[in-house]
Amino acid sequence: EAMGLLGSFRVATGQPAEAEALYDEGLAILVEKYGENSPALAGLLTSKALLLTQIKRLDEAESLLERAAELLRSGAGKPTAALGIVLADLSFVYEAKGRRADTERLRTEAVAIFSRLYGPNRLPPMAPAPFCRRARRTSERQEEFDSPSYASPSNYARPSSASRRS
C-alpha cells in the first residue's frame, strides 16, 4: 500500500517514470506475499494502469485493467465496488481506443454493480467523475438515471465542508 501511495504522489508531482517504478516494486512485493493470482494486486494494477492511460500507453493500461478485473471477479465471489470502478476505468481505455460496444458493455455492467450495492440512482463516492456523468447515457435501465436526483453530484461526490456543517 505504501508503494501505491508513493506512486500516486509521484504521478501528482509529474514524475511518471518514478511512479511506474514504485508501482512495479509494490506489485513485486504483493506477488511475493500473496501470489500472482491474488485480488490484493488489483489496486496497484489499477493505479499503474491509470498512469499508463495518462501517458497514452493504452495497450498496457488495457492489459492491466483486464487483469485487475479478472482477479476481482475470481476472488470476491460477487461483484464489489472495486470491480465496478475497475470496469469504469477500463471503459475509458476502450473508449479512447474506439471500442464503442465494449465501452457501453462495461459501463452498463459497472452501473448495474453500483445499483446493486448502493441502490438505484446511487454511485459510490470513489467512482470516477467522468464515469458518473456518462453513466446515464450507457445504462440499459435508462429510467433509473433520468431522475433529477441522479444528476446531482451529491449522489456520488464526497460532501463539501459546507454541507457537512449543515
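Residues numbered from 1 in each chain as written. Predicted model: local features only at pLDDT ≥ 70, side-chain atom pairs only at ≥ 80, totals over all residues. Heavy atoms only, no water.

### Some remarks on the overall build of the protein
Just so we agree on the cut-off: To qualify as a helix, a DSSP run of H or I must reach at least 4 residues; to qualify as a strand, a run of E must reach at least 2; elements of each kind are numbered from the N terminus. Summary of the burial criterion: residues with accessible area below 20% of their type's maximum are buried, those above 50% are exposed, and those between are partly exposed, where the area comes from a 1.4 Å probe applied to protein chains only. Pairs of residues are marked as contacts when any of their non-hydrogen atoms sit within 4.5 Å. All accessible areas in this document rest on Shrake-Rupley with a 1.4 Å probe, and a residue is counted as covered only by the protein chains that are shown.
Of the regular secondary structure elements, the protein holds 9 helices and 0 strands. A burial count over the protein gives 40% of its 166 residues as buried. In the protein, 53% of the contacts between residues at least 6 apart in sequence involve partners at least 24 apart. Just so you have it, the protein exposes about 9200 Å², and 54% of that area is on carbon and sulfur atoms.

### Focus on the environment of A28
As for its position among the elements, A28 is in helix 2 (residues 16–34). Judged by its relative accessible area of 45%, A28 is partly exposed. Each C-alpha atom, one on A28 and one on L41, is 9.5 Å from the other, the two residues being 13 residues apart in sequence.

### Looking at the side chain of T46
The topology assignment puts T46 in helix 3 (residues 42–54). Note on T46: relative accessible area 10%, which makes it buried. Those residues in contact with T46, other than ones at most four positions away along the chain, are L65, A68, V86 and D89.

### Notes on the packing of helix 5 (residues 81–96) against helix 6 (residues 100–118)
Defined as follows: Comment: axis = line fitted to C-alpha atoms, over the contacting stretch for helices; angle = value between 0 and 180 degrees taken between N-to-C directions. Any angle from 65 to 115 degrees is called roughly perpendicular, while one under 35 is roughly parallel, one over 145 is roughly antiparallel, and all others are oblique. Should the near helix be turned anticlockwise from the far one by less than a right angle, the crossing is termed left-handed; should it be turned clockwise, right-handed. In this count, Pro and Cys sit with the nonpolar residues alongside Ala, Val, Leu, Ile, Met, Phe, Trp and Tyr, while Asp, Glu, Lys and Arg are called charged and the others, Gly among them, polar.
Between helix 5 and helix 6, whose axes approach to 8 Å, the crossing angle comes to 160°. One finds that helix 5 runs roughly antiparallel with respect to helix 6. You can see that helix 5 and helix 6 cross each other, and the crossing is left-handed. On helix 6, the residues touching A81, L83, G84, I85, L87, A88, L90, S91, F92, Y94 and E95 of helix 5 are D102, T103, R105, L106, R107, E109, A110, I113, F114, L117 and Y118. Looking at side-chain class alone, the contact of helix 5 with helix 6 contains 14 nonpolar, 3 polar and 5 charged residues.

### Digging into the packing of helix 2 against helix 3
To describe two helices that pack against each other, one gives the angle between their axes and the distance between the axes. At a minimum axis distance of 10 Å, the contact between helix 2 and helix 3 shows a crossing angle of 160°. Between helix 2 and helix 3, the angle is such that the two are roughly antiparallel. Crossing handedness for the pair helix 2 and helix 3: left-handed. Residues P16, A19, E20, Y23, D24, G26, L27 and L30 of helix 2 lie in contact with helix 3, whose contacting residues are L44, L45, S47, K48, L51 and L52. Counted by class, the contact of helix 2 with helix 3 contains 9 nonpolar, 2 polar and 3 charged residues.

### Topic: the pattern of salt bridges
Opposite charge on two side chains allows them to pair when their charged atoms are near. As a reminder, the rule being used: Definition used for salt bridges: Asp or Glu carboxyl oxygen within 4 Å of a side-chain nitrogen of Lys or Arg.
If you walk through the whole model with that rule in mind, you get 12 salt bridges. For E62, the salt bridge identified is with R99, shortest N-O distance 2.5 Å. Linking E62 in helix 4 (residues 58–76) with R99 in the loop between helix 5 and helix 6, this pair joins segments that are 37 residues apart in sequence. Overall, the relative accessible area of 28% leaves R99 in the partly exposed class. The partner of E95 in a salt bridge is R107, and the shortest N-O contact between them spans 3.2 Å. Remark: R107 occurs in helix 6 and E95 occurs in helix 5; sequence separation between them is 12 residues. In this structure, a network of salt bridges that share partners links the residues D59, E62, K97, R99, D102 and R105.

### Considerations on the confidence of the model for the protein
We count it as follows: Confidence of the predictor in every single residue is expressed as pLDDT, which spans 0 to 100.
Put simply, the protein has an average pLDDT of 77, and 69% of its residues get 70 or more. A low-confidence stretch, residues 136–166 (pLDDT under 50), is modelled with 43 contacts involving residues beyond four sequence positions or located in other chains.

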